[in-house]
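Each chain, letter by letter, is given below.
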Amino acid sequence: MVCNCMQSKFSELDQYIGTLSISNKGSALIPVLHHAQSLFGYLPQDVQSHIAERLDISTAKVYGVVSFYTFFTMVPRGQSNINVCLGTACFVGGAEAVLKEFENQLQIKSGETTPDFKFSITPVRCVGACSLAPVVMINNKVYGHVKPEDVAQILSEYSQIEGGV
C-alpha cells in the first residue's frame, strides 16, 4: 500500500510526464528521472517501475540509466549532498584530503548518509570547474579552492540552516 504522500508524488510525476510534448517517450527518460529524483529524493525500484510503465519502456532500461549516471541514486541521501570532485585537477590540488576531512567531521564514509539524513558525501569524477580546484558542491552551491581547514566553516553554514551537525 502506498501512503497518500507517496501517491501525491506519483500523481505529480504523472502530471509532469503529461506535460512533455514528445513523440518518443523514451527520449524523455533523463528529464523524467531528474524530476522524479527531485520529488522523491531518490529513485527506488517502485519509482523506476512506475516511470518505465508511463514511458512505455523496460524497467531494465530505466535501471541502466539510473545506475550509469552518478547523479542518480537508488538510496536516500541527506538534505545536503556534499559532492567532492576527485577529477585530475582537484585530486592533484588536494581533494582527497578535503574528502577525508568531511568524512572525519561527519563521522561517515564516502557514499554514506548521516543517521539524521542531514548530510551525504559523494565523491564525483569531475564537476567541470577545474580552474577552482579542489571543488566541492553542496546541493547547487560551488565551493572553490577548498582546503581541509575550510571544511568546518562550510559545514557550519549548513548546520545553522538545518539545525546543527
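Report on the accompanying structure. Small disclaimer: the values here were computed from a predicted structure and weren't measured.

The next subject is the overall build of the protein chain. Along its length, the protein chain carries seven helices and four strands. Ordered by position from N to C terminus, the α and β elements of the protein chain give α-α-α-α-β-α-α-β-β-β-α. Counting only C-alpha atoms, the protein chain reaches 50 × 35 × 25 Å along its principal axes. Out of the 165 residues in the protein chain, the part that is buried amounts to 39%. In the protein chain, the proportion of contacts linking residues at least 24 apart, taken out of those at least 6 apart, comes to 59%. Taken as a whole, the protein chain presents about 9,100 Å² of accessible surface, with 55% of it coming from carbon and sulfur. When the 11 basic and 14 acidic side-chain charges of the protein chain are each reduced to a single mean position, those positions are 4 Å apart.

This paragraph deals with the state of the cysteines. Tallied over the entire structure, the rule returns zero disulfides. Of all cysteine sulfurs in the structure, the one in C90 sits closest to C85, which takes part in no disulfide; the separation is 3.5 Å. With no disulfide of its own, C126 lies 4.2 Å from the sulfur of C130, the closest cysteine sulfur. Judged by its relative accessible area of 49%, C126 is partly exposed.

Next up on the list: a nonpolar patch on the surface. Together, I30, F68, Y69 and F71 make up an exposed nonpolar region whose accessible area comes to about 420 Å². Inspection of the secondary structure assignment puts F68 in helix α4 (residues 59-68). With relative accessibility at 61%, the residue F68 sits in the exposed group.

So, about the pattern of salt bridges. Summed over all chains, the structure comprises three salt bridges. Here D14 and R54 are joined by a salt bridge, their closest N and O atoms 3.1 Å apart. Residue D14 is found in helix α1 (residues 4-19), and its partner R54 is found in helix α3 (residues 45-55); the two are separated by 40 residues along the sequence. Taking the relative accessible area as the measure of exposure, D14 reaches 25% and is therefore partly exposed. With its nearest N and O atoms 3.2 Å apart, the salt bridge here joins E157 to K141. Of the two residues, E157 is situated in helix α7 (residues 151-162) and K141 in strand β4 (residues 141-143); the sequence distance between them amounts to 16 residues. For E157, a relative accessible area of 25% puts it in the partly exposed group. If you follow the salt bridges from partner to partner, you end up with D14, E53 and R54 in one network.

Parameters at a glance
- Residues numbered from 1 in each chain as written.
- Predicted model: local features only at pLDDT ≥ 70, side-chain atom pairs only at ≥ 80, totals over all residues.
- Heavy atoms only, no water.
- Helix = DSSP H or I, 4+ residues; strand = E, 2+ residues; numbered from the N terminus.
- Buried < 20%, exposed > 50% of the residue type's maximum accessible area, 1.4 Å probe, protein only.
- Contact = heavy atoms within 4.5 Å.
- Areas by Shrake-Rupley, 256 points an atom, 1.4 Å probe, with all protein chains shown as cover.
- Lys, Arg positive; Asp, Glu negative; His and termini not counted.
- Charge placed at Lys NZ, Arg CZ, Asp CG, Glu CD.
- Disulfide = S-S within 2.5 Å.
- Patch = residues over 30% accessible without salt bridge, like charges linked within 9 Å, V, L, I, M, F, W, Y side chains within 5 Å.
- Salt bridge = Lys/Arg side-chain N within 4 Å of Asp/Glu carboxyl O.

Shape is all these values report; function is a separate question.
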